[in-house]
Amino acid sequence: MDNLLYNQTVFFKNKPRIVGNYSIVGPKEKEGNFGKYFDFAMEDDHFGEDTFEKAERKMIEKALLGAIKKANLKKHDIDLFLAGDLLNQIISSSYAARAFDMPYLGVFGACSTMAESLALGSVFVDGGYFRNVACATVSHFSTAERQFRFPLELGNQRPPTSQWTATASGCSIVSNKGEGPFISSATFGKVTDYGITDVNNMGAVMAPGTMNTMLAVFYDTKTEPSDYDLIVTGDLGKLGSEILIDLMEHHGVKLGKNYCDCGQMMYKIEQQVLMGGSGCGCSASILNSYIINEMKKEKLKKVLFIATGALLSTTASQQGETLPGIAHAVVLEI
Amino acid sequence: MHYRKRNEMYNQYVNGKIPKTSEWPSLFNSFWVGGLICIIGQGINDIILELMPTLAEQTAWAYTLIILIFIGSFLTGIGVYDRIGKFAGGGSIVPITGFSNSITSPALDFRSEGIVFGMCVKMFSIAGPVIVIGFVASTLVGLLYLII
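A few points on the structure. Quick caveat: nothing in here was measured; it's all calculated off a predicted structure. (Residues numbered from 1 in each chain as written. Chains lettered and ligands numbered in written order. Predicted model: local features only at pLDDT ≥ 70, side-chain atom pairs only at ≥ 80, totals over all residues. Heavy atoms only, no water.)

## Some thoughts on helix α1 (residues 3-17) of chain B
Okay, step 1: The first and last C-alpha atoms of α1(B) sit 21 Å apart over 15 residues, in line with the 21 Å expected at 1.5 Å per residue.
Okay, step 2: Among the structural elements, α6 (202-220) and α7 (237-250) of chain A are those in contact with the buried residues of α1(B). (Helix = DSSP H or I, 4+ residues; strand = E, 2+ residues; numbered from the N terminus. Expected span 1.5 Å × (residues − 1). Contact = heavy atoms within 4.5 Å.)

Printed below as a string of structure tokens:
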């Protein structure tokens, strides 16, 4: 029983592979550190639509179609579309799915959605239930800001710990055959709450959950940080990843130079995004561009991808609830 | 370890790590931008009185406020006021132009949800508390005057 759930990890015997990957970003992300790696960059945040919500929906539609095309598949080859986003009732994903004639499962893990959908997709493919599963997420700065924070044109200052929701989308096609990096294991995270109440300090909210999942990965897969070419967390941002390094050290695990964070890397310093990027599209777009492409070139052979999410609700936090975080992990190998 | 103790320790640790805002530059910027807005207001008032010398001073103030509110709203509409706010902080929030910005910005944002249920409902989502507290305070002061 090799693929038995040991603790939090499932091991895949049949090597579900990422055969298609597509990323799409907004203009600000295009100017960031990974600008040249993305498949497509929008000229403006509206993307030819009259509302930002419709633009976000169009992004995930385009990411899905792009990934299908890059996988040399047809729309009817996709057996399942697994997707999620940050908006209430995950409307971007669900409404995008009505344009496609394929079964759809909506997932919500805040910014951890990419790893969550990849992990679930791999379970379906590895189990032999589906041949090709599309896993996607999207986030949009303007829609997230409207829902979670303040109006866009309000003249307020952002607190120094805040992060910038990336306008980005990524889609991976997980398949039972084809070429590309395969997913060897997936670790499902536990909801972790260390009593942070500041909605502008997402890094501190997500770091403990990330630590839990990361420890579970190392324990379950009997590996250590140096076994990976790259350990990449979703979007802890600068502060969050510093906290994670401290927390891991506290548990006797030293994260070295092969550790980095998508949120921290997404933008350049002069773009003034304070602690860095966030939003589920942030890690999804970097995974589906730079990381998977480098793996295809065999420059990266083993990658631990941990997407991290703050399960934030404006209602709950206004009622004085503390903020829980979660992180899911997948191990990619070539 | 009990989770409350753990959370307390973690919060303490995080608070120690949070980068501090540089207070003096922020204060300086908000001071001079806020002051500049006030000077502009005074200038408008002087010009009005210069052009219409027969006008009562109180009426001239009202005209000045209307013009400042328009300017704040207009700058919000063309996407400039949020940049001023990012730079000046309280300096551009406290004057009446900031109040105008706090009403115009949600109105712009929620226009997509319709005029009545979007724009009109959400228009006061930021400024609402200011208006409520203003009403309450003026009522209390009015009652006080009635008594003494």
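## Points about the packing of helix α2 (residues 52-70) of chain A against helix α5 (residues 141-148) of chain A
Residue and element names in this part refer to chain A.
Okay, step 1: Two numbers describe how α2 lies on α5: the axes approach to 8 Å, and their chain directions differ by 130°. The angle between α2 and α5 falls in the class oblique. Read as a crossing pair, α2 and α5 show a hand that is left-handed. Of the residues in α5, those touching α2 at F52, E53 and E56 are S142, T143 and R146.
Okay, step 2: Class assignment for the residues of the contact of α2 with α5 results in 1 nonpolar, 2 polar and 3 charged. (Axes fitted to C-alpha atoms, helices over the stretch in contact; angles between N-to-C directions. Parallel < 35°, antiparallel > 145°, perpendicular 65-115°, else oblique. Left-handed = near helix turned anticlockwise from the far one by under 90°. Nonpolar A, V, L, I, M, F, W, Y, C, P; charged D, E, K, R; others polar.)

## With respect to empty space enclosed by the protein
All names here are of chain A.
Okay, step 1: Counted by the stated rule, this structure contains 1 cavity of 30 Å³ or more.
Okay, step 2: Put simply, the largest cavity is a space of about 170 Å³.
Okay, step 3: Around the largest cavity, the lining is made up of 14 residues, and of these L86, C111, R149, M202 and L312 lie nearest the centre.
Okay, step 4: Secondary structure elements with two or more residues in the lining of the largest cavity: α5 and α6.
Okay, step 5: Split by residue class, the lining of the largest cavity holds 10 nonpolar, 3 polar and 1 charged.
Okay, step 6: Split by domain, the lining of the largest cavity shows at least three residues from each of two domains, domain 1 (9-175) and domain 2 (182-333). (1 Å grid on protein atoms, 1.4 Å probe; cavity = no way out; pocket = protein on both sides within 12 Å on 5 of 7 lines; lining within 4 Å. Points joined across faces, edges and corners; volume = space filled by probe spheres on them. Domains from an automatic or database assignment.)

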